Structures are given as C-alpha cells and as structure tokens.
Amino acid sequence: MLEETMACLGCGYNNGPDFYNSAEEEKIARTRNKQICKALKEYRRQDLRKLKLLLLGTGESGKSTITKQMRIIHINGFETRERIEKILDIRRNIKESMVVILCAMHELGIPLEHAQNAHRMERLLQAADTQDPASITDDLLEDIETLWRDSGVQECFSRSYEYQLIDSAKYFLDKLHEIRQPDYIPSDQDILRCRVLTTGIQFIEFDVHDAGHPVSFCVYDVGGQRGVRRKWIQIFDSVAAILFLADVSSYDQTLREDNEKNRFLEALEIFEQVWKNRFLRSVSILLFMNKIDILAEKVQRGRCISALTDRHPDIFPNFETFTPSSAEKCEFTGSYQRAEGDGRKRRMSRGSKSSETNSDLVKTAVYIKHIFMKIVKGELELTPTAEKLSKDWHQTHVCEYFYTCAVDTNNVQHVLDGCRTLIIRKHLERFGII
C-alpha cells in the first residue's frame, strides 16, 4: 500500500533505471522516497491510535445509555444547559409512560381503585396525542402523580411485560414529586435513564491513556430498530471492535415494531448475523449482556426464562436441568456489582432477597451467556447461511462477554477499563504492529 501511494504521488518509486537523467537525481529521488515512506508509516501509526468502535444491538438494548456513560466517564459529563434541556424529555417519558399504562388497563380490564381518579385518567388520555411541550403542565403532572398511587395502576404496571413500556417508567414516576419542583435539575442518573429514540447515527470521540500514551476512541451509536439497521453497513469500514448490547431481561417481551416477535430471540439472531458477517470477519466483538438489574427484578417476581425455552426446545437446552459451574457463579458475582444511591458498592443480594432467589439470578444469567457462546462456537445456528462457513472463519476475531448494568456508572467503568486493553491489543495484532 505504501509503495502504491508513493507511485501515485509521482515519487519515482519502482521506475526503471532510465527514469533519472543523472546519478545525482536518482540519489535525491530515493532520499525523498525514504522520507515519504517514513512519513506515511508514521501517519499510519498515528491513525491506528484512533480506534473506531461500533455500538450495535436491537432497539432498547442500552446502546445510547452506554454512550452517555462514556461521556460521564471520559468527557466531563453534561453541562447545566444540557441538563436543563433534558427536563422536557424526562417529562415526555413520564407522560407517555402513564398514557401507555392507562391504555393497557383498558385492554387488560383492570379498573381504577378510586373512582374519583377517572376524571384524571380522562384528562390525560385527551392530552395523549398533543406534542406541544406546553401541554405537559404541572396540573397534568399532578394528575399523573395521583394516578401512580392508585392500586389499579400499580397492578397494571406489574404486568408491563404484556405491553410496551420503557424500562425507566417506574424510576421517573417514583420521583415525580422531585421532578415537579421549579428548581429541579436532572442528575446523571436521570439523564442515563431518560429514553429518546435513536433514529440516526450518533458519534462521540474521546482520549484515554494506555501505557502512558493517549489513544483516541471514536464511538458510533446506531439505532437498533429494524428500520434503522440498514444504516449499520455505512460504518463497518475500519472498525477496531464492536460493542454488542443484548438485553438479557427481554425474554418475556416482544418487539415494539413487531408484537409477534420475541425480543430476546431477535437479539440472538442479530448477534449471529453480526458474528458471521463477512465484512466484520476480522473484527472482535465485545458482548455486553445488559440490564442485569432488570433481570434481577424479573427473577425475583418469578418471571422465569423457562417459559420461553419451553416454547422453543429446538433452540434452547432445558433450563430446569441447567447447572452453572462454580467458576461461572464466581465470575458472575464478581463482575456484577450494584451501586447504592450514595455511590457505595454492594453485591447483588438485597436484604429482602433470599439466597435461593440469588441462585436463580445467577443461573439465568449464566444460562443466557451459554446461549450466546453456543452461537460463537457454531453449536447453535438460528439463521442458516447460504454457504457453510469454513473451520477457520473466526480465527481472526474473538468474542468476549461482560455482565453489565448500563445505568450503573461503576459497573460500566469497570467493564470499559477491562475492554480497553483488549481492544487496543486486538487492533494492533490485526495490523501486524504486535
């Protein structure tokens, strides 16, 4: 490549002996060629320090949240102006979440506990289609706060796996009294949980130090809904690594764009397509098994993955007989830590949880990891390829997995620190630097 570049520049490289008029001209030209060659090599080395990362995954898997975490960890977080601008998005999340719950109450036949709340429900539903930000008044938020305390609304929320509701609905509805205050400024956690649909390609760039040298990372976040995935191929070129986000808690949910398709199955199929993609054959994948916190809540409520695995015995091995090894249990409990509100860390187990519940969580998380690794090893094929892949197809890239909670900054920073060295090493290996 260097030789071709210099030839295009007209440097006389690879020209025949009759090209030069004198030995002195030939000497000058060859000296110039060496200087250009050295400059191009240095340029190449500098360019290799800019590592391009892709965040891929299905819709609502947590890609945008990871991007926000990178801003918090590496780019000084969010300015006050940006925080104030987020208030409107948070209010929209609150309004839309309650509208979704009220509509679901009608579909599921769940009545309000207090009949006097009916007029509040009616007012909110009448304002459902209004996009004007001014429509989300304090009176409307007061209606929502009152409705959220209604046991009928709470019962409907407990069945949210039966309809489409954003993960952060409870978080924002629980703190609505604080959000209604005139001096409210969103915290980092509020911004992380705020849901705004990604429809284009988002980009951030930041520097980190590795072995005392700055390394630039360029991170691209692409929307994960079906209609947006066709844009993925536009940014496949020169990728150092792929961060694939998989929502491990989505096994009892369907896609927002297709109520007949299970979210977890869709994530597995997309992961398989990325892993086998010929344009990404030499690109390593870092699998973020995300939303462990929501998985813990579902397991605690008895929402077991076996309901899905029993429906697809041809895809999934028997969950009931699955037993994680001691090493896998230690790996999970050691990698996933939850942070208290004051920033202190604790293990997954809460005071109200029994060891049996924790065992079920570990079993489910490790089981899901096994499913993804079966795809990596070629032991599970969800979408047969036109051509049988050769045995050495995956020799030039690897898949590493991590248990993540994208809204937990401590967990994400720990994971990203572990990923950084791996990304750099694999990138340099790929270009023959090491």
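Residues numbered from 1 in each chain as written. Predicted model: local features only at pLDDT ≥ 70, side-chain atom pairs only at ≥ 80, totals over all residues. Heavy atoms only, no water.

Engineer: I'd like a description of the pairing of strand β1 (residues 50-57), backed by residues and values.
Structural biologist: Burial analysis of β1 places seven of its eight residues in the buried class, the great majority of the element. As defined by bridge partners, β1 adjoins strand β3 (residues 213-222) across six bridges and the pair is classed as parallel. Looking at the pairing, K52 lines up with C218 of β3. Where β1 and strand β4 (residues 241-247) come together, five bridges link them in parallel fashion. Within the sheet, the bridge partner assigned to G57 lies in β4 and is L245. (Buried < 20%, exposed > 50% of the residue type's maximum accessible area, 1.4 Å probe, protein only. Helix = DSSP H or I, 4+ residues; strand = E, 2+ residues; numbered from the N terminus. Pairing = 2+ DSSP bridges.)

Engineer: Which residues make up unusual backbone geometry, and what values do they have?
Structural biologist: The phi dihedral of E60 is positive, around 65°, even though this residue is not glycine. Mapping E60 onto the fold places it in the loop between β1 and α3 (63-74). A relative accessible area of 11% means that E60 is categorised as buried. Phi at K291 takes a positive value of approximately 65°, unusual for a residue other than glycine. For K291, the position within the fold is in the loop between β5 (284-290) and α12 (292-300). What makes K291 buried here is its relative accessible area of 10%.

Engineer: Explain the packing of helix α4 (residues 80-108) against helix α5 (residues 118-126) to me, using residue names and the numbers behind them.
Structural biologist: Where α4 meets α5, the closest approach of the two axes is 10 Å, and the angle between their N-to-C directions is 115°. Handedness of the α4/α5 crossing: left-handed. Residues K95, M98, V99, L102, C103 and M105 of α4 form the contact with α5, whose participating residues are M121, L124 and L125. Residues of the contact of α4 with α5, tallied by class, amount to eight nonpolar, no polar and one charged. (Axes fitted to C-alpha atoms, helices over the stretch in contact; angles between N-to-C directions. Left-handed = near helix turned anticlockwise from the far one by under 90°. Contact = heavy atoms within 4.5 Å. Nonpolar A, V, L, I, M, F, W, Y, C, P; charged D, E, K, R; others polar.)

Engineer: Lay out the pairing of β5 with the relevant residues and their values.
Structural biologist: Among the seven residues in β5, seven count as buried, and that is most of the element. Both faces of β5 are covered, namely the face carrying S284, L286, F288 and N290 and the face carrying I285, L287 and M289. As defined by bridge partners, β4 adjoins β5 across seven bridges and the pair is classed as parallel. Across the sheet, L245 pairs through a bridge with F288, a residue of β5. Taken together, β4, helix α11 (residues 263-276) and β5 form a β-α-β motif whose crossover is right-handed. With five bridges joining them, β5 and strand β8 (residues 399-403) adopt parallel strand pairing. Considered in β8, the bridge of L286 is made with E400. (Right-handed = clockwise from strand over helix to strand, strands pointing away.)

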